[in-house]
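Structural characterization, general
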Amino acid sequence: DVKVTQSSRYLVKRTGEKVFLECVQDMDHENMFWYRQDPGLGLRLIYFSYDVKMKEKGDIPEGYSVSREKKERFSLILESASTNQTSMYLCASSSIGSNRGDYGYTFGSGTRLTVV
Amino acid sequence: TQLLEQSPQFLSIQEGENLTVYCNSSSVFSSLQWYRQEPGEGPVLLVTVVTGGEVKKLKRLTFQFGDARKDSSLHITAAQPGDTGLYLCAGIGNFNKFYFGSGTKLNVKP
C-alpha cells in the first residue's frame, strides 16, 4: 500500500522551540507539500517542492522553512514555535501525470502540534 | 475569503437519507477533486472531474462538475454511518495550483 508517513501524530512544544516535522513518501513522487489545517480556514499551503533541493513558498510561509535533501523526504521546520502555530499539519505528495487531473494528492495522517 | 466555498459547513442526518454537498467558485478550474477526511486521518482522494458537465458515480456517491467548470456537487444516496467525515473539494487552476474549500462536515447517525 502506497504511503505518506508523518513521523509524529501528536506533538507538544514550548514557545520559542525549534520544531521539526518529518514526512516520507514511498511512491517516488516528484512533488511534496506541507499544509496546515485549521477549523473554518480549510487547508492552507505553507511550502512545496517539485524536486530535490527545490522549494517554493506557498500562501503562508512566514515562520516556517523546509528542507528536501532526498526525493522521498520533506521536512517542515518551525524556527521558533509560537502559539499561533498550533494546528494540524498535513504532508502530501503527488506526481504530475501526462493527462490533466491524474495527479491527486496522497496525504499523510497529519501531525497535531500544540505550542504552549 | 476562500476561493472555493463549500455548503453546508455542517450536516447531521439519519442513516438512509440522501444529501447533496456543494462547492462553488467564481473562478474556472481545469479540473476538480473531492476528498474525504476521517477524524484523525489525512484526506483521501475520491474522484477527479475534468470535463464541464461531467458526472461520475462511485457506488452511492455521484459527483458532478458544472458546465462552466466553476462549481461541483457531491450527492450521497442512502447515507451510512461509514460516510461520516469531512468532505473537501479542491479546484486545480493554472500551473497545477490546488485550491481547497474549507469542507463540509458530515455526520450520519445510525
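Residues numbered from 1 in each chain as written. Chains lettered and ligands numbered in written order. Predicted model: local features only at pLDDT ≥ 70, side-chain atom pairs only at ≥ 80, totals over all residues. Heavy atoms only, no water.

**A few points about the interface of chain A and chain B**
Rule in force here: Two residues form a contact once any of their heavy atoms are found within 4.5 Å. Buried surface area refers to the total accessible area, computed with a probe of radius 1.4 Å, that the two partners give up upon joining, counted for both partners together. By salt bridge we mean one thing: a side-chain nitrogen of Lys or Arg within 4 Å of a carboxyl oxygen of Asp or Glu. We define a polar contact as two N or O atoms separated by no more than 3.5 Å, with the added condition that, inside protein, one atom must be a possible hydrogen donor and the other a possible acceptor, whereas residues neighbouring each other in sequence contribute only through side-chain atom pairs. To qualify as a helix, a DSSP run of H or I must reach at least 4 residues; to qualify as a strand, a run of E must reach at least 2; elements of each kind are numbered from the N terminus.
Taken together, the contact between chain A and chain B spans 19 residues of the former and 23 residues of the latter. Summed over both partners, the interface of chain A with chain B comes to about 1700 Å²; 51% of that surface belongs to carbon and sulfur atoms. On the surface where chain A and chain B come into contact, there are two salt bridges. Taken together, the connections running from chain A to chain B amount to six residue pairs in polar contact (both at pLDDT 80 or more). Elements that contribute at least two residues to the side of chain A that touches chain B include exactly strand S4 (31–38) and strand S5 (42–49) of chain A.

**So, the sheet that holds strand S7 (residues 64–70) of chain A**
Residue and element names in this part refer to chain A. This is how it is decided: Strands pair, by our definition, only if DSSP identifies at least two bridges between them. Only C-alpha atoms enter the line fits that serve as axes; for helices the fit covers just the stretch in contact. Angles between N-to-C directions range over 0 to 180 degrees.
One open sheet holds the four strands; their spatial order is S1-S3-S8-S7, and the pairing between them is antiparallel. In the strand order of this sheet, the two ends are held by strand S1 (4–6) and S7, each with one partner. Here the strands of the sheet are splayed against their neighbours by 20 degrees on average, with no regard to which way each runs. Relative to strand S8 (residues 73–78), strand S3 (residues 19–25) runs antiparallel, the two being bridged by six bridges. Bridge pairing in S8 links Val24 to Arg73.

**Overview of the side chain of Ser93(A)**
Looking at the secondary structure, you find Ser93(A) in strand S9 (residues 87–94). Apart from the residues within four sequence positions on either side, Ser93(A) is in contact with Val4(A), Gln25(A), Met27(A), His29(A), Asn31(A), Met32(A), Phe33(A), Gly104(A), Tyr105(A) and Thr106(A).

**A short note on the environment of Lys97(B)**
With respect to the element layout, Lys97(B) can be found in the loop between strand S9 (85–92) and strand S10 (98–100). Sequence spacing of Lys97(B) and Leu11(B) is 86 residues, and the spatial spacing of their C-alpha atoms is 29 Å. When neighbours within four sequence positions are excluded, Lys97(B) is seen to be in contact with Asp59(A), Gly91(B) and Ile92(B). A distance of 3.0 Å separates polar atoms of two side chains, one belonging to Lys97(B) and the other to Asp59(A).

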